[in-house]
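An overview of the molecular structure
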Amino acid sequence: MNRRIDNLAILWWVYYVSTWHLSLISGFTTLSSVQPRSITTRKTTTSSIKQLLYASNNNNEISSCDVAIFGGGFGGLYTALAISNEFQKKFKSKEQKLDIVLVDPSDRFVFLPLLYDLTVGTASEQEVCPYYKDVLRGTNIRHVKAKLDCFSSQTTTTIANLTTSMSSQQQLSFQSAVIAVGSTPESIIGGVPGAMNYTQPFYTREHAIQTQELLEKLSKQSRPPKIAVVGGGYGGVELAACVKRRISKGSVALLTRTPPLEGTRAEPLVNQALSKLGVTIELCGVKSITKKDDESLQIQRTNNENDNNDDEIC
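Residues numbered from 1 in each chain as written. Predicted model: local features only at pLDDT ≥ 70, side-chain atom pairs only at ≥ 80, totals over all residues. Heavy atoms only, no water.

**Digging into the overall build of the protein chain**
In terms of helices and strands, the protein chain carries 10 helices and 16 strands. Counting the 314 residues in the protein chain, one finds 46% classified as buried. In the protein chain, of all internal contacts separated by at least 6 residues, the share reaching a separation of at least 24 is 69%. Put simply, the protein chain shows about 16000 Å² of open surface, and 49% of that area lies on carbon and sulfur atoms. (Helix = DSSP H or I, 4+ residues; strand = E, 2+ residues; numbered from the N terminus. Buried < 20%, exposed > 50% of the residue type's maximum accessible area, 1.4 Å probe, protein only. Contact = heavy atoms within 4.5 Å. Areas by Shrake-Rupley, 256 points an atom, 1.4 Å probe, with all protein chains shown as cover.)

**Considerations on the side chain of asparagine 161**
Among the secondary structure elements, asparagine 161 is positioned in strand β9 (residues 158–164). Residue class for asparagine 161 comes out buried when judged on its relative accessible area of 15%. Setting aside its immediate chain neighbours within four residues, asparagine 161 contacts Lys147, Leu148, Asp149, Cys150, Phe151, Ser152, Gln170 and Gln171.

**Thoughts on the layout of surface pockets**
There is about 770 Å³ of room inside the largest pocket. Listing elements by their share of the lining of the largest pocket, those giving two or more residues are β7 (100–104), β8 (141–153), α6 (185–189) and α8 (205–219). Here the lining of the largest pocket is built from residues that sort into 17 nonpolar, nine polar and seven charged. (1 Å grid on protein atoms, 1.4 Å probe; cavity = no way out; pocket = protein on both sides within 12 Å on 5 of 7 lines; lining within 4 Å. Points joined across faces, edges and corners; volume = space filled by probe spheres on them. Nonpolar A, V, L, I, M, F, W, Y, C, P; charged D, E, K, R; others polar.)

**Side note on the pairing of strand β15 (residues 297–303)**
For β15, a buried count of six out of seven residues is recorded, marking the element as mostly surrounded by other parts of the structure. Bridge count between strand β14 (residues 279–291) and β15: seven bridges; the pairing is antiparallel. Paired with cysteine 284 across the bridge in β15 is asparagine 303. Turn length for the β14-β15 hairpin, with the two strands adjacent in sequence and antiparallel, is five residues, and the turn residue glutamate 295 shows positive phi of about 75 degrees. (Pairing = 2+ DSSP bridges.)

**Digging into the environment of serine 64**
Its place among the elements puts serine 64 in strand β5 (residues 64–70). Note on serine 64: relative accessible area 23%, which makes it partly exposed.

**Details of the packing of aromatic side chains**
Under the counting rule described, the total for this entry stands at seven aromatic pairs. Ring geometry for phenylalanine 70 against phenylalanine 174: centres 5.9 Å apart, planes inclined by 70 degrees, an arrangement best described as edge-to-face. A residue pair is termed long-range when its members are at least 10 positions apart, and phenylalanine 70 in strand β5 and phenylalanine 174 in strand β10 (residues 169–179) qualify at 104 residues. Among the residues examined, phenylalanine 70 registers a relative accessible area of 1% and is labelled buried. Residue class for phenylalanine 174 comes out buried when judged on its relative accessible area of 5%. In this structure an aromatic cluster arises from ring pairing among Phe74, Tyr78, Phe109, Phe111 and Tyr132. In this arrangement the basic side chain of arginine 108 is found over the ring face of tyrosine 131, its NZ or CZ atom lying 4.0 Å from the centre. (Phe/Tyr/Trp six-rings, centres within 6.5 Å; stacked < 30°, edge-to-face > 60°. Lys NZ or Arg CZ within 6 Å of the ring centre and 35° of its normal.)

**Observations concerning the pairing of strand β12 (residues 226–230)**
Among the five residues that make up β12, four are buried, leaving the element largely enclosed by the rest of the structure. Of the pairings in the sheet, the one linking β12 to strand β13 (residues 251–256) comprises five bridges and is parallel in character. Within β13, the residue paired with valine 229 across the bridge is leucine 254. For the crossover from β12 across helix α9 (residues 234–246) to β13, the handedness is right-handed. (Right-handed = clockwise from strand over helix to strand, strands pointing away.)

**Comments concerning the packing of α9 against helix α10 (residues 267–277)**
Direction vectors running N to C along α9 and α10 enclose 20 degrees, while the axes themselves pass 10 Å from each other. When the interaxial angle is binned, α9 and α10 end up roughly parallel. Between α9 and α10 the crossing geometry is left-handed. Contacts between α9 and α10 involve Val237, Ala241, Lys244 and Arg245 on the former and, on the latter, Val270, Leu274 and Leu277. In the contact of α9 with α10, the residues fall into five nonpolar, no polar and two charged. (Axes fitted to C-alpha atoms, helices over the stretch in contact; angles between N-to-C directions. Parallel < 35°, antiparallel > 145°, perpendicular 65-115°, else oblique. Left-handed = near helix turned anticlockwise from the far one by under 90°.)

**Some points on the pattern of salt bridges**
Per the stated rule, a full pass over the model turns up 10 salt bridges. Between glutamate 125 and arginine 108 there is a salt bridge whose closest N-O contact spans 3.4 Å. Residue glutamate 125 is located in helix α4 (residues 125–128), and its partner arginine 108 is located in the loop between β7 and α3 (115–120); the two are separated by 17 residues in the primary sequence. We classify arginine 108 as buried; its relative accessible area is 11%. With a closest N to O distance of 3.5 Å, lysine 220 and glutamate 216 form a salt bridge. (Salt bridge = Lys/Arg side-chain N within 4 Å of Asp/Glu carboxyl O.)

Remember that the coordinates give geometry; whether it matters functionally is a separate question.
The following block contains the structure:
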């Protein structure tokens, strides 16, 4: 069965910690397998070192590196920092330098667990979404604002073909690489018919600002809104609670395939806390979202006990 939902806002919490693996392109197994570059091969003036560390994607200096890391989420960023720190421990000589490039199409890192704080105004943009240039300051890691398109091989070198923020093409050669591109809201939400058109994703700084504006709009409606938050991880639970506090007159439902925070120490407390706030928990999957002629939205869900049967959402 389906139920018509009037004034429904659907917030889709996409919390995907990037899956990453070391390896990968050229047999990268230990730091000792990477031949670091001597710092004497580069100019050592203050300006040139700054240019090396914080090179923009318009600088020809980024055309090659020792280690390339594709994806600037948790997996990519923390791996870059770990490789840099480990190298400094093993090779303390200032004559040796490991050149690391972090490739990501955004200029900001997003700390996903606190994204809801940005939406409700309890944390600043710099706290939740710091610039890579600030996070990487003082390291030997350079950020390149670009998107990975594909790889190509030459005789002894692997090359990554990139598209920069200005839609220009660029190539980056490297000795070894880490692939940590993870997933995107589009790849997850895109699998649910209607979701791309009728839901508000919640994964980036821009999404947090859009959600803030949406909640402001809904709070001013004379008719109590019905809001569904899809996703029962840390972010989904926190977002559902914050939305209910922000719009107490509205109806808030948390849609999740498994019990919220299942398997964590917080699991036993979640139902009690959300119930006290007035948030309804629905154990289900979202099959499709459609808009009716009267502009109302309809969610078709699957019941976890029998995925072949559709049920109505409260």
